[in-house]
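# Overview (structure and organization)
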Amino acid sequence: RMQSILASTLLLSLCTNGALSLTLGSKPKIGKVSAGPLQISSLGCGTWSWGNRLLFDYDPSQDEEIYEAYKEVRDAGVTIFDTADSYGTLDLNGRAEQLLGEFERRYQSEIAESDKEKNWWDLGSAPASDNEQQVATKLAPYPWRVTSSNFVKAAEGSLRRLQQPQLAVAQLHWSTSKYQPFQEKALWEGVADIYDKGLAKSVGVSNFGPIQLQKVSDYMKEREVPLAVAQIQYSLMTYGEAKEMNSACDDNNCRLISYSPLCLGLLTGKYNLDNLPKSSARRQLFRELLPGAQDLLGTLNAVADEYGKSQTQVAINWAISKGTVPIPGCRTLQQARENLGATGWSLKPDAVTELDIAALNVGKPMIQNIFQTK
């Protein structure tokens, strides 16, 4: 017993004098925010590019590099990952969900292996529940998904690809109210049934405007199903139309998720008319958008210089300042680190206002998703 006391005293002394770093587990750098009944990371990660050859020139040989980016954001405390059962082009359909499941299993395996190798004085890592992966999958309302059971089966398919028992959020990828309204009720019933069957902790919607959000929110309340998130394309290039969703989400107690907060990379400052993306689709889009975005990009660059940050980090931080949870994509370690650099600091109100004004005066805003409703 005396030896134990002496060892403890020596250990405490070493820690106090800084000779030995003793931690109860490194706390995530990324904070948490509420999303309906959930607590999610204040910065998320989108997986649209994982498996997308058309827009992002994806190739399976990139998977190891993507995993390094995934590991970086997980280590920083990012928990919420947005994906969809339609992500991945052609033969790669569902690839993003598969990778999310594979990456998390590998990540947890590496943590377990690392724990085995810890020294005797290491008291262990932070509780796993503080940093559990949260998958928010969007389920596509394909024309053949016309019954609620079709949607439940879609969720089961996503869980098989993830090799997980439950989603954090089951989301409707878009509304069919504009072109196939009879299908809409079945979609709402289906996503509610997914929750009732224990396949998801909550539900959400994507590309729903304030009016349609209120309708689906009222339905979910009747079914006693928690609506956690609503996501739209939300960036400095879409602010004019997107800003109405802030109050709509507040009214319905759900978190606004901003997808494409960097406008497919246009807001990173890496592109101009002489240096366009490789993807033919993005190249043509940027040719149309860049001329009318010069004042905004100039303001973004000036703010970035003032704060000693990159344009990417300012654009993401601006989205955070609006109370949204941005979900920028990342496929490389460099992109992951740059995205993470958007956290831990805040734009001052005058900078936010300056960016707001520039955003509202963009010559040609980013085109809205064709499925976006009012």
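All of the points below concern the structure found in this document. All residue numbers here refer to positions counted from 1 along the written sequence of the relevant chain. Residues qualify for local features only when their pLDDT is at least 70, as the model is predicted, and side-chain atom pairs are given and counted only at 80 or more; totals for whole chains, interfaces and linings, by contrast, use all residues. The side-chain quantities take in all heavy atoms of the structure and omit both hydrogens and water.

## A short note on the pairing of strand β5 (residues 134–139)
The buried label applies to any residue whose accessible area, calculated with a 1.4 Å probe on protein chains only, is under 20% of its type's maximum; exposed applies above 50%, and partly exposed to all values in between. Numbering of helices and strands runs from the N terminus; a helix is a DSSP stretch of H or I covering at least four residues, while a strand is a stretch of E covering at least two. Within β5, six of the six residues are buried, which leaves it mostly tucked inside the rest of the structure. Alternating positions in β5 separate into two faces, Gln134, Ala136 and Lys138 on one and Val135, Thr137 and Leu139 on the other, with burial throughout. At least two DSSP bridges between two strands are needed for those strands to be called paired. With five bridges joining them, strand β4 (residues 80–84) and β5 adopt parallel strand pairing. In the sheet register, Phe81 faces β5, and the bridge partner there is Val135.

## Overview of the pattern of salt bridges
Whenever Lys or Arg places a side-chain nitrogen within 4 Å of a carboxyl oxygen from Asp or Glu, that contact is recorded as a salt bridge. According to the stated counting rule, one finds 15 salt bridges in the structure shown. The partner of Lys71 in a salt bridge is Glu110, with the nearest N and O atoms 3.4 Å apart. Of the two residues, Lys71 is situated in helix α3 (residues 63–75) and Glu110 in helix α4 (residues 95–116); the sequence distance between them amounts to 39 residues. Lys71 sits in the partly exposed class, given a relative accessible area of 29%. The exposure class of Glu110 is partly exposed, given its relative accessible area of 29%.

## What to know about the nonpolar core
Working definition of a nonpolar core: buried Ala, Val, Leu, Ile, Met, Phe, Trp, Tyr and Cys residues. They are joined through side-chain atoms within 4.5 Å. With 97 residues, the main nonpolar core has Leu213, Met237, Leu266, Leu267 and Leu347 as its most contacted residues. Not counting residues within four places of it along the chain, the set of residues in contact with Leu347 comprises Val303, Tyr307, Val314, Asn317, Trp318, Val352 and Leu355. Within the second largest apolar cluster, 14 residues are counted, among which are Val33, Ala136, Ile257 and Ile327. Contacts are assigned to residue pairs with any non-hydrogen atoms lying within 4.5 Å of each other.

## Points about the packing of helix α12 (residues 311–321) against helix α13 (residues 333–340)
Note on definitions: angles span 0 to 180 degrees between N-to-C directions of axes, and those axes are lines fitted to C-alpha atoms, for helices only across the stretch in contact. It is at 8 Å that the axes of α12 and α13 come closest, and there the two elements cross at 50 degrees. Taken as axis vectors, α12 and α13 run oblique relative to one another. As α12 packs across α13, the resulting crossing turns out to be right-handed. Here α12 contributes Thr312, Gln313 and Ile316 to the contact with α13, which in turn contributes Arg337, Glu338 and Asn339. Any residue that is not Ala, Val, Leu, Ile, Met, Phe, Trp, Tyr, Cys, Pro, Asp, Glu, Lys or Arg is counted as polar, Gly included; the first ten are nonpolar and the last four charged. Of the residues that constitute the contact of α12 with α13, the class distribution is one nonpolar, three polar and two charged. For classification, angles of less than 35 degrees are called roughly parallel, those exceeding 145 degrees roughly antiparallel, those between 65 and 115 degrees roughly perpendicular, and all remaining angles oblique. By the definition used in this description, the sense in which the near helix is turned from the far one sets the handedness, with an anticlockwise turn below a right angle giving left-handed and a clockwise turn giving right-handed.

## Comments concerning the pairing of strand β6 (residues 169–172)
Of the two faces of β6, the one carrying Val169 and Gln171 and the one carrying Ala170 and Leu172 are both buried. Pairing of β6 with strand β7 (residues 203–206) involves three bridges; the strand directions are parallel. Among the inter-strand pairings, Ala170 is bridged to a residue of β7, identified as Val203. If you view a crossover with the strands going away from you and the path from the first strand over the helix to the second runs clockwise, you call it right-handed. Between the parallel elements β6 and β7, the chain passes through helix α6 (residues 181–196) in a crossover that is right-handed.

## Regarding helix α5 (residues 148–162)
A helix is expected to span 1.5 Å for every residue after the first. Over its 15 residues, α5 extends 22 Å from the first C-alpha to the last, a length consistent with the 21 Å expected when each residue adds 1.5 Å. Along α5, the residues classified as buried are Ser148, Phe151, Val152, Ala154, Ala155, Gly157, Ser158, Leu159 and Leu162. The inward-facing, buried residues of α5 abut α4, β5, β6 and α6. Once α5 ends, the next one or two residues include Gln163, with phi positive near 55 degrees.

## Examining α6
Given a rise of 1.5 Å per residue, 16 residues ought to cover 22 Å, and the 24 Å separating the end C-alpha atoms of α6 matches this to within 8%. Among the residues of α6, Gln183, Glu184, Ala186, Leu187, Trp188, Gly190, Val191, Ala192, Asp193 and Ile194 are the ones counted as buried. Buried residues along α6 sit against β5, α5, β6, β7 and α7 (210–223). Immediately beyond the C-terminal end of α6, within one or two residues, lies Gly198, with a positive phi of roughly 80 degrees.

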